[in-house]
Amino acid sequence: IHVDAGSAAARVPGGPGGFLWQEVYCSGGVEGKPIRAFSRAERGEARTFRVSAGGFVMVIEVEGTRTEEEAIGELIGSGELEIGVREAKVGEGDAVALLRCRAFDQGKDVFRSQLIKMMSGGSSKGNYLMGGRSRTAFLVAVAEVTGDAERTCAMNLVLSDLDALLRDGWVTRVEHGMRKKRLMAEWERKAEVIIGSVDCAMHELVAPDLSLARSVYISSMAVRKGFRNRGVGTRLLRGAHQLAVESRGVKEMFLHVEKENDAAVRLYTAQGFTRADINTPSTAYMDRALRLMLQVPVNALMYSTTVERD
């Protein structure tokens with residue numbers, strides 16, 4: 001590291017496609033607080049960069065870069081960026097559908113069906129298999145970015161996703177232009193990156209004994225690859241539990257998980273889920289109905305937890 005003014009130490013935790021993410025700590029004049037800036041770079045090349053920030057002009061020699069996803073992931077891991085959970089907004093269907101298609105290795109047709117699902121899922125509707133009504137809430141985990149450099153990094157990440165949809169033929173040029181315009185308008189108000197999602201279907205079930213039970217069924221949990229093992233899944237489950245608490249009459253939460261998926265089983269059991277007792281008539285009926293509706297894998301097991309209220 002060569003410094004033109006003051007003394008400095010630097011680390012380079014990431015670099016986006018075409019940008020270098022620089023985090024520079026200067027001891028002179030800024031009391032050791034981090035200064036962040038961007039410079040053009042080709043990924044993986046050893047380059048020298050001149051950065052002006054915080055009253056200092058620094059020339060930094062760097063070998064190697066990382067992606068925007070890796071850079072933001074490290075900020076989340078260090079606690080510098082907080083993760084929030086909320087219901088998905090109108091216009092966020094692209095980000096959620098793309099995240100899920102990448103997580104589950106699915107293609108254009110599934111992307112389109114996910115968009116339709118998100119547009120129609122929020123309203124209450126009857127279900128002849130369940131014998132009652134259901135409404136699906138789409139929860140997303142978001143990382144909110146506030147600093148200028150972080151916002152630039154996050155914006156590049158979101159725009160690269162949008163460009164990938166056009167490049168792969170999943171959206172038309174007209175759709176791409178409309179989505180980009182809407183994204184930029186939203187970004188001015190609040191800069192957030194969607195890093196995880198989960199569906200929460202609130203069911204009214206008429207059991208064989210004609211009793212009415214309300215429950216929440218969790219499905220399609222997905223976390224963006226660069227943000228896994230950072231507590232995102234745990235936060236999504238807690239958000240789903242809070243939604244169940246706030247939903248009148250909901251007493252249980254259910255989900256299916258393939259028994260070979262050890263990581264998912266550990267996550268769910270850590271949040272209080274246990275193997276559901278399918279010998280109970282109402283639970284057995286729900287298990288069969290959900291398998292028919294959602295094409296649940298044969299080797300998937302049902303887990304459940306009670307909804308505790310204060």
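Let me sum up the structure you'll find in this document. (Residues numbered from 1 in each chain as written. Predicted model: local features only at pLDDT ≥ 70, side-chain atom pairs only at ≥ 80, totals over all residues. Heavy atoms only, no water.)

### Observations concerning the packing of helix α2 (residues 93-103) against helix α4 (residues 148-167)
Next up, step 1: At a minimum axis separation of 11 Å, α2 and α4 run at an interaxial angle of 75°. One way to sum up the angle between α2 and α4 is to call them roughly perpendicular. Contacts between α2 and α4 involve D94, L98 and R102 from the former and D161, A164 and L165 from the latter.
Next up, step 2: Considered class by class, the residues forming the contact of α2 with α4 number three nonpolar, no polar and three charged. (Axes fitted to C-alpha atoms, helices over the stretch in contact; angles between N-to-C directions. Helix = DSSP H or I, 4+ residues; strand = E, 2+ residues; numbered from the N terminus. Parallel < 35°, antiparallel > 145°, perpendicular 65-115°, else oblique. Contact = heavy atoms within 4.5 Å. Nonpolar A, V, L, I, M, F, W, Y, C, P; charged D, E, K, R; others polar.)

### Observations regarding helix α1 (residues 68-77)
Next up, step 1: Of all 10 residues in α1, seven are buried; the element is thus mostly enclosed.
Next up, step 2: Turning to α1, its buried residues number three or more, namely E68, E69, A71, I72, G73, L75 and I76.
Next up, step 3: A positive phi of about 85° marks G79, the residue just after α1. (Buried < 20%, exposed > 50% of the residue type's maximum accessible area, 1.4 Å probe, protein only.)

### Here's the deal with the packing of aromatic side chains
Next up, step 1: On inspection of all chains with the given rule, the structure shows two aromatic pairs.
Next up, step 2: Plain terms: the ring middles of F111 and W170 are 5.3 Å apart, the flat faces sit at 40° to each other, and that makes the pair tilted. One end of the pair, F111, is in helix α3 (residues 108-120); the other, W170, is in the loop between α4 and α5 (173-189), and 59 residues separate them in sequence.
Next up, step 3: Geometrically, the ring pair formed by Y268 and F273 is edge-to-face, given 6.2 Å between the ring centres and 65° between the ring planes. Accessibility classification places Y268 together with F273 in one group, the buried group. (Phe/Tyr/Trp six-rings, centres within 6.5 Å; stacked < 30°, edge-to-face > 60°.)

### Let's talk about the environment of R151
Next up, step 1: Within the element layout of this structure, R151 appears in helix α4.
Next up, step 2: When the C-alpha positions of R151 and I72 are compared, they lie 10.0 Å apart, and in sequence the two are 79 residues distant.
Next up, step 3: Not counting residues up to four positions away in its chain, the partners in contact with R151 are V145, T146, W187, E188 and A191.

### A look at unusual backbone geometry
Next up, step 1: Not every positive phi belongs to a glycine, and D105 is a case in point at roughly 55°.
Next up, step 2: As for its placement among the helices and strands, D105 is situated in the loop between α2 and α3.
Next up, step 3: D105 gets classed as exposed once you look at its relative accessible area, which sits at 72%.
Next up, step 4: Its identity as a non-glycine residue notwithstanding, Q295 has a phi of 55°, on the positive side.

### Considering the packing of α1 against α4
The geometry of a pair of packed helices is captured by two quantities: the angle between their axes and the separation between those axes.
Next up, step 1: In the contact formed by α1 and α4, the axes pass within 9 Å of each other and the chain directions differ by 135°. Accordingly, the angle class assigned to the pair α1 and α4 is oblique. The two elements α1 and α4 cross, and the hand of that crossing is left-handed. Contact with α1, carried on its side by E68, E69, A71, I72 and L75, involves E150, C153, A154, N156 and L157 of α4 and no other residues of that element.
Next up, step 2: Its residues assigned to classes, the contact of α1 with α4 shows six nonpolar, one polar and three charged. (Left-handed = near helix turned anticlockwise from the far one by under 90°.)

### Details of the nonpolar core
Next up, step 1: Of all hydrophobic cores here, the largest spans 55 residues; its most connected members are I72, F111, W187, I195 and I218.
Next up, step 2: Among the elements that line this core, the one with the most residues is α4, at eight residues.
Next up, step 3: Ignoring anything within four residues of it in the chain, the contact list for F111 reads D94, A97, L98, C101, L165, W170 and V171.
Next up, step 4: Of all hydrophobic cores here, the second largest spans 10 residues; its members include Y217, F254, L290 and M302. (Core = buried A, V, L, I, M, F, W, Y, C linked by side-chain atoms within 4.5 Å.)

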